[in-house]
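The primary structure of each chain is shown beneath.
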Amino acid sequence: MNMNGIRLQLLLAKAGIASRRHAEVLISQGHVAINGKVVTQLGTRVDPATDRISVDGKLVEQEPLAYYLLNKPKGYVTTASDPDGRQTVFDLIPDAPVRLFAVGRLDYNTEGVLLLTNDGELAHALMHPSRGVDKVYHAKFREELTPMMIARLQEGVDLPPPRPMGKDGQPLPVPAHHGMPERSAPADVRVLKFTSRHTWAEVRIHEGKNRQIHRMAEAVGSSLLKLVRVEYAGLTADNVEVGAYRPLRPQEVAKLRQLCGLNPGAARATQFEDRSRSSQRSRPERTNRPAKSVEDRPTPRRFEDRPAPRRFEERPNNRFEERPAPRRFEEQEPAPRRFEDRPAPRRFEEQKPAPRRFEDRPAPRRFEDRPAPRLGEQPAPPRLKSRHQAPP
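Note that the structure is predicted; figures quoted are calculated from it, not measured. (Residues numbered from 1 in each chain as written. Predicted model: local features only at pLDDT ≥ 70, side-chain atom pairs only at ≥ 80, totals over all residues. Heavy atoms only, no water.)

**Brief notes about the overall build of the chain**
A tally of regular secondary structure across the chain gives eight helices and 17 strands. Going through the 392 residues of the chain one by one, you find that 33% of them count as buried. Put simply, of all contacts in the chain between residues at least 6 apart along the chain, 69% involve residues at least 24 apart. As displayed, the chain has an accessible area near 27,900 Å², and 50% of this comes from carbon and sulfur atoms. (Helix = DSSP H or I, 4+ residues; strand = E, 2+ residues; numbered from the N terminus. Buried < 20%, exposed > 50% of the residue type's maximum accessible area, 1.4 Å probe, protein only. Contact = heavy atoms within 4.5 Å. Areas by Shrake-Rupley, 256 points an atom, 1.4 Å probe, with all protein chains shown as cover.)

Written out as structure tokens, the structure is:
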């Protein structure tokens, strides 16, 4: 055993054979051999340059590491295959040259930033709760969030049991739950804007429980209409359309490894085509052109004629730390109104005039108070003669 090498399960994870935990199972069951000798002891260290590792007789080859940022659309599951025949996020990257797996999960109806890689070491470090990687979501709540509801979310709430999801992405009835409920850690919650009846809020958490944002909304008596993850470990989906992807730059990979406490220079990133836009221009077909003779070729440039290389001080500074800050949600749209700034509702007394009381009505006029008729203006009505009255 080489004490200066790396652990065997870590090498299998980096090679894309399996996750580190599954690699430990393969080693314990005797599926892995080093230089033709089966090894079952966990923690065995190997030298990737000299040792020959095989799994079930097949030689393990070190494939280049790949890192993608996908802007996941709604209606895709975050699994390699789905028994119900639904589309997976890996269908959006059909030409990936290596086997990829997702860093964490996003629900069937959730959109936003999702990392795909074959670097098992980095993926395990990003998903471990002890790293405290920030995840930022924009959530649309079904109703207006009150200051009391926001305070409860910020302090942490007891989460209800997670709802299982059906084939159409709709939650099913909650099964019976026994035992102590899970509790969410304190979160950063702030209101982005109010609509007619709903609330858009930004929720920043550093843990990844199953359907956590949905369960937090249920804990305060609300529910979610839409959920978008806008940031993961400092990476955003700016300039990446929904359903498109792009490879991570070497500076971004080094930043992620440094965030997790890993060696920033240990990653061997490979360069792939950028698919940040969904519509790709097709390459024009090459036509059969007649070959040029040797005399028609241009004179090659001499070594002395090449331009002087740029000095290190003249190179453009493209460090990750000095990139322009992404536009925040508040800069894209007018500043939303805060809950405290909304106008006070009109009281019932201010909406309609107060009704008149029975005692306040004007007194009716008496018969004696009516004005006397003026003589000459209107003839008096004829008096009726009684049949008992004597003739004149």
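The discussion continues.
**A short note on unusual backbone geometry**
The backbone of arginine 211 sits at a positive phi, close to 50 degrees, despite the residue not being glycine. Positive phi, close to 55 degrees, is recorded for alanine 233, a residue that is not glycine. Tracing the backbone through its elements, the reader meets alanine 233 in the loop between β15 (224–232) and β16 (235–236).

**Details of the side chain of aspartate 119**
Tracing the backbone through its elements, the reader meets aspartate 119 in the loop between β9 (111–117) and α3 (120–127). One polar contact links aspartate 119 to arginine 257, side chain to side chain, over a distance of 3.1 Å. Once residues within four sequence positions are removed from consideration, aspartate 119 is found in contact with Lys14, Leu65, Tyr67, Phe101 and Arg257. (Polar contact = N/O pair within 3.5 Å; in protein donor to acceptor, adjacent residues only side chain to side chain.)

**A closer look at helix α4 (residues 147–155)**
When α4 is considered as a whole, its buried residues turn out to be Met149, Ile150 and Leu153. Burial along α4 is one-sided: seen end-on, the buried residues are contained in an arc of 100 degrees. Projecting away from the buried face of α4 at angles above 90 degrees are the exposed residues Met148 and Glu155. Elements that come into contact with the buried residues of α4 comprise β10 (135–141), β13 (188–194) and α5 (212–219). Remark: glycine 156 follows α4 within two positions and exhibits a positive phi of approximately 105 degrees. (Arc of directions from axis to C-beta.)

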